[in-house]
Structures are given as structure tokens and as C-alpha cells.
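Spelled out, the chains give:
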Amino acid sequence: DENAAKEFALSINNAFDELIITSHGTHSISCSIGLATSSETKSLEDVLIEADTSMYEQKKRQHLQRSKGGMATRTVERALSEERIEVWYQPMVCIQKPGNYKLIVSEAVVRLRSRDGGIILPADFLTDVRSGSLGYMVDKKVVSLSIHALSRWLASGIVNQDFKMSIKLSEQAINDPSFLATL
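Just so we're clear, the structure is a prediction, and the values are computed from it rather than from any experiment.

Q: Quick one: what's the story with the packing of aromatic side chains, residue by residue and with numbers?
A: For any pair of aromatic rings, the description consists of the separation of the ring centres together with the inter-plane angle of the planes. According to the stated counting rule, one finds 3 aromatic pairs in the structure shown. Between Y89 and W153 the ring centres are 4.9 Å apart and the planes differ by 80°, which places this aromatic pair in the edge-to-face class. Of this pair, Y89 sits in strand 3 (residues 85-97) while W153 sits in helix 5 (residues 133-156), placing them 64 residues apart in sequence. A relative accessible area of 25% means that Y89 is categorised as partly exposed. Three or more aromatic residues joined by ring pairs make a cluster, and in this case those are Y89, W153 and F163.

See the structure below:
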């Protein structure tokens, strides 16, 4: 039936939404599916023409989405909904003497975990989503994960009260008065 065909086509199309990470970089691929269903009043030629037209319309939509950061946007949306946002911490230490150092600051850096376990770096997605509501959602997630990590570190004695954490936030988050509630 037509609904089952649409669901099947959508599931195939969605399989191509995730960025692919290889040793040669980050890549995106897509597919275009022309969907048409037959009926007693349509000839096979009409169905094929309808499917072909549908496919080219989809290609045009995909091209517009890609030019607006669509692939990165879909990747971040899925990573948020599937809890695949990670925060990595870059420590800064004060070396008091050789072999003796103190952890004084850590910078929180966002990463996405791909479905196959790879890591998607901020350069591959952040600029496309930073200025919109999706960037704001990423900021909130990074702040939440960072504060929880800091709480665990303080409770276990890994860091003390003098320790500082640096978190890069979007302008939208910084200028939003309600973001203070998140902090």
C-alpha cells in the first residue's frame, strides 16, 4: 500500500542522514528516491514518469538543504535525540616542579558520537547550527554534562574549589536571560 511504500522509502532515505567518518575525513552521501504507486487507471509508463519526476524533485530539495547545512543539522538533531552528544575535557595544568603538577583549568569541548562509534568534530557541524535554536540546545547539553562532570570531580577530590572550567557558548545562549536558569 502507499503508506507502507512511503515508510519504506523514508527508512532507506534516513539511512543516509548520518555523516560518515573515515581515515580520509568526514563525508556525506545521500540518495534520491522517486516514489510512485500504481493503480488500475495508471499505465506502467505513467508510474515510471511519476517516480522519475518525484526523484528529481527530491534531488532539488536535497540540494537546497545541503547548501544550508542540512546534513549537519540532521546529524546534530539525531545526536541530541539519541544522546550521542559528548563533552571532552582539555586539561590545563600548572607544573610546580618536575613530576609535580596541579590541574587548574579544563576546557569543555563538544563532540558527536556517530552511530558506528566514530567521533564527529565540532568543525564538521558547529558552524552550521551555532546561530540557531539547535546550537542553543547543544549549548544547554554541553553545560549540563560539564556541570555534572565537575560535580563528580569535586566530590571525588580530583579537583578542588579553585578549579575552573571553560565552556564556549553561542552568542544566543549568552544573551538569553533564561539561560542563567540552566547554569
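Resuming the write-up.
Q: Could you give an account of the pairing of strand 4 (residues 100-113), with specific residues and numbers?
A: Taken together, the 12 bridges between strand 3 and strand 4 define a ladder with antiparallel strand orientation. Bridge pairing links W88 to V109 in strand 4. What sits between strand 3 and strand 4 in their antiparallel hairpin is a turn of 2 residues, with G99 showing a positive phi close to 85°. Of the strand pairs in this sheet, strand 4 and strand 6 (residues 164-167) are connected by 4 bridges, and their pairing is parallel. Bridge pairing links V105 to K164 in strand 6.

Q: Before we move on, could you go through the environment of A5 and cite the residues and values that matter?
A: The residue A5 is located in helix 1 (residues 2-14) in this model. On the accessibility criterion, A5 (22% relative accessible area) is partly exposed. Spatially, the C-alpha atom of A5 lies 24 Å from that of M71, the residues being 66 residues apart in sequence. The contact partners of A5, leaving out residues within four places of it in the chain, are L35 and T37.

Q: Residues and numbers for the layout of surface pockets, please.
A: Quantified by volume, the second largest pocket comes out at close to 150 Å³. E107, A108, V109, V110, P122, L126, R130, V138, D139, V142 and K168 together form the lining of the second largest pocket. In terms of residue count, strand 4 provides more of the lining of the second largest pocket than any other element does, 4 residues in total. Taken together, the residues of the lining of the second largest pocket break down into 7 nonpolar, no polar and 4 charged.

Q: Kindly report on the side chain of R78, identifying the contributing residues and their values.
A: Relative to the helices and strands, R78 resides in helix 3 (residues 70-81). Apart from the residues lying within four places of it in its own chain, the contact partners of R78 are N14, D17, R84 and R115.

Q: Lay out the environment of G34 with the relevant residues and their values.
A: Examined against the element boundaries, G34 turns out to sit in the loop between strand 2 (25-27) and helix 2 (44-67). The partly exposed category is assigned to G34, whose relative accessible area is 28%. Those residues in contact with G34 that sit more than four places away from it in its chain are A51, S54 and M55.

Q: Which residues make up the pattern of salt bridges, and what values go with them?
A: Summed over all chains, the structure comprises 7 salt bridges. Close ionic contact of R84 with E82 constitutes a salt bridge, the shortest N to O distance being 2.8 Å. Assessed through its relative accessible area of 35%, E82 is described here as partly exposed. R115 is the salt-bridge partner of E82, the closest N and O atoms lying 2.8 Å from each other. Highlighted residues: E82 in the loop between helix 3 and strand 3 and R115 in the loop between strand 4 and strand 5 (119-120), separated in sequence by 33 residues. Overlapping salt bridges, with partners in common, bring together E82, R84 and R115 in one network.

The rules behind each value
Residues numbered from 1 in each chain as written. Predicted model: local features only at pLDDT ≥ 70, side-chain atom pairs only at ≥ 80, totals over all residues. Heavy atoms only, no water. Phe/Tyr/Trp six-rings, centres within 6.5 Å; stacked < 30°, edge-to-face > 60°. Helix = DSSP H or I, 4+ residues; strand = E, 2+ residues; numbered from the N terminus. Buried < 20%, exposed > 50% of the residue type's maximum accessible area, 1.4 Å probe, protein only. Pairing = 2+ DSSP bridges. Contact = heavy atoms within 4.5 Å. 1 Å grid on protein atoms, 1.4 Å probe; cavity = no way out; pocket = protein on both sides within 12 Å on 5 of 7 lines; lining within 4 Å. Points joined across faces, edges and corners; volume = space filled by probe spheres on them. Nonpolar A, V, L, I, M, F, W, Y, C, P; charged D, E, K, R; others polar. Salt bridge = Lys/Arg side-chain N within 4 Å of Asp/Glu carboxyl O.

Any functional reading would require information beyond the geometric quantities listed.
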